[in-house]
Amino acid sequence: MPKLSSLTVSSERTANLKVKPGQSQALSDGGLFVRRRQPSDYVIALAGNPNVGKSTVFNHLTGLHQHTGNWPGKTVANAQGYCQADGQGYIFVDLPGSYSLAARSAEEALARDFICFGHPDAAVVVCDAGCLQRNLNLVLQIMEVIPHTLVCVNLLDEAAKKKLKVDLALLQQRLGVPVLGMAARQGQGLEQLLPQLNRLLKQQGPTAAMVPLRVAYPAAAEAAIAKLQPIAARYLTEPGMARFICARLLDGDSSFSQALEEQFNLSPASAPELFDLLASLKADISREPGGWEAFQDSMAAAFVRQAARLCQGVTQQSDHRALARDRRLDWWFTSKWTGFPIMLLLLLLLFWLTISGANVPSQLLSQGFGWLELRLAAGLSRLGVSAWLIDLLIHGVYNVMTWVISVMLPPMAIFFPLFTLLEDYGYLPRIAFNLDRSFQKARACGKQALTMCMGFGCNAAGVTGCRIIDSPRERLIAILTNNFVPCNGRFPTLIALITLFLIGSASGWQGSLLGALLLVAVIVLGVMLTLLASRLLSGTVLKGVPSSFTLELPPYRRPQFGRVIGRSMIDRTLKVLGRAVVVAAPAGLLIWILANIRLGTGTLLQHMTAFLDPMGRALGMDGTILSGFILGFPANEIVMPIIVMTYLAQGHLTELSGSALAQLFVQNGWTWVTAVCTILFSLLHWPCATACLTVHKETQSWKWTLLSFALPTAFGLLVCFTVARLAAWLL
Amino acid sequence: MTMDQLKPGQQARVRRLRADGSMRRRLQDLGLTPGNEVCCRLISPLGDPTAYEICGALIAIRRDDAKTVELDCQL
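Residues numbered from 1 in each chain as written. Chains lettered and ligands numbered in written order. Predicted model: local features only at pLDDT ≥ 70, side-chain atom pairs only at ≥ 80, totals over all residues. Heavy atoms only, no water.

Participant: I'm lost on the overall build of chain A in this one. Help?
Facilitator: Of regular secondary structure, chain A possesses 29 helices and 13 strands. For chain A, the C-alpha radius of gyration of 29 Å lies close to 27 Å, the compact-globule estimate for 731 residues. In terms of overall dimensions, chain A has C-alpha extents of about 85 × 60 × 50 Å along its principal axes. The long-range fraction of contacts in chain A, counting pairs at least 24 apart against all pairs at least 6 apart in sequence, stands at 74%. Of the accessible surface of chain A, which amounts to about 29000 Å², a share of 63% is contributed by carbon and sulfur atoms. Positive and negative side-chain charges of chain A, numbering 59 and 44 respectively, have mean locations separated by a distance of 4 Å. (Helix = DSSP H or I, 4+ residues; strand = E, 2+ residues; numbered from the N terminus. Rg over C-alpha atoms; globule rule 2.2 N^0.38 Å. Contact = heavy atoms within 4.5 Å. Areas by Shrake-Rupley, 256 points an atom, 1.4 Å probe, with all protein chains shown as cover. Lys, Arg positive; Asp, Glu negative; His and termini not counted. Charge placed at Lys NZ, Arg CZ, Asp CG, Glu CD.)

This is the structure:
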């Protein structure tokens, strides 16, 4: 099994943890450095269970726009942000959600390592008021490491709807640390956070005299800790950590022992005295009735019991009716008869709205750009710009860039906000719930469905998102197959080709409905091939059986329409468009050069396309399309523009509206078979350069990166070749 | 009985966990500790996994893992 990047800790980091105070201090976590702007800045770990609103709190405090959505596992790489209040600077580190410091997945290990070894000055633990007991389990564990902890009881608005009351004052008194109530999505209660934190860190105000609650382990464990602690303290630079570390050594958490060796060089080899005593204590405990397992359980139960005791009298629920509404919705979304039909209908609706809504603005934009083009060309020639340069600028760069904008912007501006609404509502985990059995059959993890949904946005993000998968084997499968779902950059190509070639004479709403149906079919094909590829991997290079996992289904939350639409426009639509335009311009130049440098009988571009033509034809496409995919390796967004530009460099066409584009393609020998094969190859080819680099970063292996490149490509070659042969044979 | 035998709507108390290693700890952290209540809520359209209400949250667990949770007879 390969070592995954976030499970390894660089030696660099240990060095960084030992920086003397007062110097420029840097803390790191899995390659992430927390750099203080001033030595007096406080570093704050923002932790909590998954999906309790950590990123919402983070965004509110730092003014940043960390992606939020109603499903567990959005924050996989920790983000950091800076904010200031009353002259005091704070650096907040938004950690991935975790249920416990006993980490199971790579992202949880990341959070655990930062809390245990990252030396934050304080921790802010965000809790879900509706599920307080389980959240307090984590609070108690964090308080054991970081006494400077502030507890935020979030989602009080949701709790109020469920008629759930939380006695915050009583909780604060029992925990011995400041407790704040808030409804972060509404921005309520957040104004108190920084002042409270400041008082906590400076030991001022009424909370200064409070004594943080310390979890009491069962008597046998406390006796063992008392024996281990003085010896452990000798090996540690911070004796304050000794109790916590001894308790974890007794827990027998193997991933923690590994981290301990890497961080503090604490291992049987370096601290024989400590580990010999530990072994003898373990042997003694194993001889007790119930043995080792009962002892370990009692250690874990210490936190759970304490959390339950804390909650007694703090939370009171008197109404279950609000839950009933969620259960009804769940029944519709996940029952045997309605689960899958609703899933497909939602997808269909999403695409139908996208295609039908994008039509008119696309045409308007294209007409507008056409009008501007004439003015621009006339203006340039009046300025005395030479004709060939005008040709390059207008017919090369301008045309392609405006084509990118008019074809890509409207569908993206409709699709992404709608998708984000579904995400915000809490529907995505239900997709994972519905599909899990299929993934289980493919010997993979159901959470892979969530990473696929992330892939809809960007495959590179999807690959990073695979950190939410606990088992390294299943995580690798998800990484290698993520490219089977089309990303941002490929959707516009799919939509354009379907609209231009496959809808045929159908127009109006029937046309868009047919287009949406075809797009759903492409996605379903992608999902089925994901499952097939996962099963293939499980049977060959990544042999194994499905491992255990748990998936939380969050309550439905009313999406914040305004914010969602605004953010998805900026975060996704404009970013993707910007990337396309930025990459398209130099690519246009490259194509222009390739098309204008002559070598022997033809231009470089002609040589390239002619060379690739036989292979392209065998795959139902042509040399130009294949060149487009190859030259589009930096970003999928520019595949279509390159193809268009290559055709334009060979023939001439001045205006590029939708119908003119279809005409251009037809002039170059396209049929519906060409369109189908191009659509299939767009779905099934190598990941873009960014995604490939991300795979390497996550797996730390060129072998797996190569496989992630080869696997979808092999599928694409096979499928396109088969379709082309079948079409040639049937037609 | 074990947790996979619960029908939707049925409720019971946890008696014992049979899972081991990190999954045992994860189930404990989610609130599946002896004495705690668990209620079966949803079954996936393909029959597996099942979502259980544990400590106020809805958690999906596969049948093979649910089999490792022993329950006291129905409440």
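Moving on from the coordinates now.
Participant: What is the right way to read unusual backbone geometry from this model?
Facilitator: Note: most peptide bonds trans; most residues except glycine with negative phi. Each neighbour pair has its own omega, and for B:Asp48 with B:Pro49 the value is 0°, a cis peptide bond. With respect to the secondary-structure elements, B:Pro49 resides in the loop between strand E2 (37-43) and strand E3 (50-54). The phi dihedral of A:Asn265 is positive, around 50°, even though this residue is not glycine. Turning to its location among the elements, A:Asn265 is positioned in the loop between helix H10 (254-264) and helix H11 (272-287). Under the relative-accessibility criterion, A:Asn265 is labelled exposed at 52%. (Buried < 20%, exposed > 50% of the residue type's maximum accessible area, 1.4 Å probe, protein only.)

Participant: What am I meant to see in the pattern of salt bridges here?
Facilitator: In a structure, side chains of opposite charge can pair up when their charged atoms sit close to one another. Scanning the model with the defined rule gives 31 salt bridges over all chains in all. Among the salt bridges present, the one from A:Arg467 reaches A:Glu698, with a minimum N-O distance of 2.8 Å. Of this pair, A:Arg467 sits in the loop between helix H18 (459-465) and helix H19 (472-481) while A:Glu698 sits in helix H28 (residues 689-699), placing them 231 residues apart in sequence. Each of the two residues, A:Arg467 as well as A:Glu698, counts as buried. In this structure, the salt-bridge partner of B:Glu70 is B:Arg15, at a minimum N-O distance of 3.8 Å. Here B:Arg15 lies in strand E1 (residues 11-17) and B:Glu70 lies in strand E5 (residues 69-72), a separation of 55 residues in the sequence. When its relative accessible area of 12% is taken as the criterion, B:Glu70 is described as buried. For B:Arg15, a relative accessible area of 45% translates into the label partly exposed. In this structure, a network of salt bridges that share partners links the residues A:Glu144, A:Arg248, A:Asp251, B:Arg25 and B:Asp29. (Salt bridge = Lys/Arg side-chain N within 4 Å of Asp/Glu carboxyl O.)

Participant: I tried to follow the packing of aromatic side chains on my own but got confused; where do I start?
Facilitator: Any two aromatic rings considered together are summarised by their centre-to-centre distance and by the angle between their planes. All names here are of chain A. Applying the stated rule across the entire model yields 28 aromatic pairs over all chains. Summarising the aromatic geometry, the rings of phenylalanine 333 and tyrosine 556 are spaced 5.8 Å apart at their centres and angled 55° between planes, so their arrangement reads as tilted. In this pair, phenylalanine 333 is assigned in helix H13 (residues 321-334) and tyrosine 556 in the loop between strand E11 (550-553) and helix H22 (561-596), connecting sequence segments 223 residues apart. In this structure, arginine 430 packs its charged tip against the face of tyrosine 556, placed 4.1 Å from the ring centre. Taking NZ or CZ as reference, lysine 703 lies 4.7 Å from the ring centre of tryptophan 704, over its face. (Phe/Tyr/Trp six-rings, centres within 6.5 Å; stacked < 30°, edge-to-face > 60°. Lys NZ or Arg CZ within 6 Å of the ring centre and 35° of its normal.)

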